[in-house]
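Results of the structural survey
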Amino acid sequence: MQLPTQVTIHEVCPRDGFQPEQAWIPTATKIEIIDALSQTGVTEIQATSFVHPRAIPQLRDAEDVLAGIAKQPGISYDALVPNPRGAERAAATDIDVWHLMLSASEAHNRENGNRAIAETLAGFPAVVELAAEHGAEVHGGLAVAFGCPYEGEVPLEQLAWVVGEYVALGIEHVSLGDTTGMANPAQIYETMMRLQERFPGIGWTLHLHDTRGMALANVVAGLQAGIDHYDSATGGLGGCPYAPGATGNVATEDLVHMLHLMGIETGVDLDAVIAIARRLQAVVGHPLESRILKAGKTSDLAEIAAA
Ligand code: ZN
């Protein structure tokens, strides 16, 4: 089976990673982490979210974070834009990509955004127009694309419907989130093969949480289906405040470590990511889920054995 030889990592620690953290992370620390991530070779960073400050207090400093970071050439910085109010805030910044957000299930969309999917969608044409006026690209994000904690299975037809709504808005890149870690590799492969067939020309990103230990296996299934864009969070931080029991994103260091061992290029400096994960452990003040942080790289073992 021919796997992609190169994968793009979309680093989401500053948004998905930080948002569930209860203790306040100072704005200066967020800026320091994003600036460090900008030196790892990663080319896409989700820096923050324009969600309502009351919903996610941890990210209420979105504007200050974006004003403080040293944007690097060759890196695309994006932020979550969940609604028209968030879009007005995004328009006042120089963020490169507006990442829209919607749930694939009605129950999760209601829990997350307090409205029906169709109501959220109704606000998007104005958002897309505003982004175009500001020269920003728009990507479409879908939460609970592979299973909903409230509704269970999300039928492929339902998923294809919401993807189709994004495509109808002129959006060319769609990110599918396994928000609560319900996807299995067979499902990822089957779903991605069918969606690519149905929506040719769309770029896809998989956003996989490791809630039930299936995230890296799901990445391999995605690779087998030809998907070459993956979200991950350094340190494996993350979760969804509206998804019971949700745990972290797949850790960037675990993902990059695996891909490099498989001969797949990422352009990411693994040691630099591990150093940031260590720093993050001190920042959040609790142990991280990252396997590489706990066990080290396989090449470290080889060095020990050779010594
Ligand atoms: Zn997530």
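Just above sits the structure.
Some words on the overall build of the protein
The helix and strand tally for the protein stands at 14 helices and 8 strands. The C-alpha atoms of the protein give 18 Å as radius of gyration, which agrees with the globular expectation for 307 residues (19 Å, within 12%). If one aligns the C-alpha atoms of the protein with their principal axes, the spans along those axes are about 65 × 45 × 35 Å. For the protein, restricting intrachain contacts to residue pairs at least 6 apart in sequence, the fraction spanning at least 24 positions comes to 75%. With the model as given, the accessible surface of the protein reaches about 12700 Å², and the carbon-plus-sulfur share is 52%. The protein carries 17 positive and 38 negative side-chain charges, and their two centres are separated by 7 Å.

As for the packing of aromatic side chains
Two numbers describe a pair of aromatic rings. These are the distance of the centres and the angle of the planes. Counted according to the given criterion, the structure contains 2 aromatic pairs. Centre to centre, the rings of Phe124 and Tyr166 are 6.1 Å apart; their planes meet at 15 degrees, and the pair counts as stacked. Taken together, the residues Phe124 in helix α7 (residues 124-133) and Tyr166 in helix α8 (residues 156-168) connect sequence positions 42 residues apart. Each member of the pair, Phe124 together with Tyr166, is buried. Above the face of the Trp24 ring, Lys30 is positioned so that its terminal group lies 3.8 Å from the ring centre.

Things to note about the coordination of the zinc ion
Donor atoms from the polypeptide that coordinate the zinc ion comprise Asp16 (OD), His207 (NE2) and His209 (NE2), at 1.9 to 2.1 Å from the metal. Look at where the donors of the zinc ion fall in the sequence and you get D-x190-H-x1-H. This pair shows no difference in class: His207 is buried, exactly as His209 is.

Details of helix α10 (residues 215-224)
Within α10, burial applies to Ala215, Asn218, Val219, Ala221, Gly222 and Leu223. The inward-facing, buried residues of α10 contact β6 (173-178), α9 (185-198), β7 (203-208), β8 (229-232) and α11 (252-261). Once α10 ends, the next one or two residues include Gly226, with phi positive near 90 degrees.

Thoughts on the nonpolar core
Ranked by internal contacts, the top residues of the largest apolar core, which has 88 residues, are Trp98, Leu100, Leu176, Met192, Trp204, Leu206 and Tyr230. Discounting residues that sit within four places of it in the chain, Trp204 has contacts with Val163, His173, Val174, Leu176, Met192, Leu195, Gln196, Phe199, Ile227 and His229.

About the cut-offs
Once a new chain begins, its residue numbering starts again from 1 and follows that chain's sequence as written. This being a predicted model, a pLDDT of at least 70 is required before a residue's local features are given, and a value of 80 or more before pairs of side-chain atoms are given or counted; all residues contribute to the totals for chains, interfaces and linings. Only hydrogens and water are set aside when side-chain values are computed; all heavy atoms of the structure are taken into account. Strands are runs of DSSP state E lasting at least 2 residues, helices are runs of H or I lasting at least 4, and numbering of each runs from the N terminus. Throughout, the radius of gyration refers to the C-alpha atoms, and the reference size of a globule is 2.2 Å times the residue count to the power 0.38. Here, two residues are considered to be in contact whenever any of their heavy atoms come within 4.5 Å of each other. With residues, only the protein chains shown are counted as cover, and all accessible areas are computed by Shrake-Rupley using a 1.4 Å probe. Working convention for charge: Lys and Arg count positive, Asp and Glu count negative, and His plus the chain ends are omitted. Here the site of a charge means NZ on Lys, CZ on Arg, CG on Asp, or CD on Glu. Two rings from Phe, Tyr or Trp (for Trp, the six-membered ring) form a pair when their centres are within 6.5 Å of each other. A pair whose planes differ by under 30 degrees is stacked, one over 60 is edge-to-face, and the rest are tilted. Three labels apply to residues, based on accessible area from a 1.4 Å probe with only protein chains included: buried if under 20% of the type maximum, exposed if over 50%, partly exposed otherwise in between. Any Lys NZ or Arg CZ found within 6 Å of a ring centre and within 35 degrees of that ring's normal is scored as a charge over the ring. Here a donor is an N, O or S atom found within 2.8 Å of the metal, or within 3.2 Å if the metal is Na, K or Ca; sites may look incomplete because water is not among the atoms. As used in this record, nonpolar core signifies buried Ala, Val, Leu, Ile, Met, Phe, Trp, Tyr and Cys residues forming a set joined through side-chain atoms within 4.5 Å.

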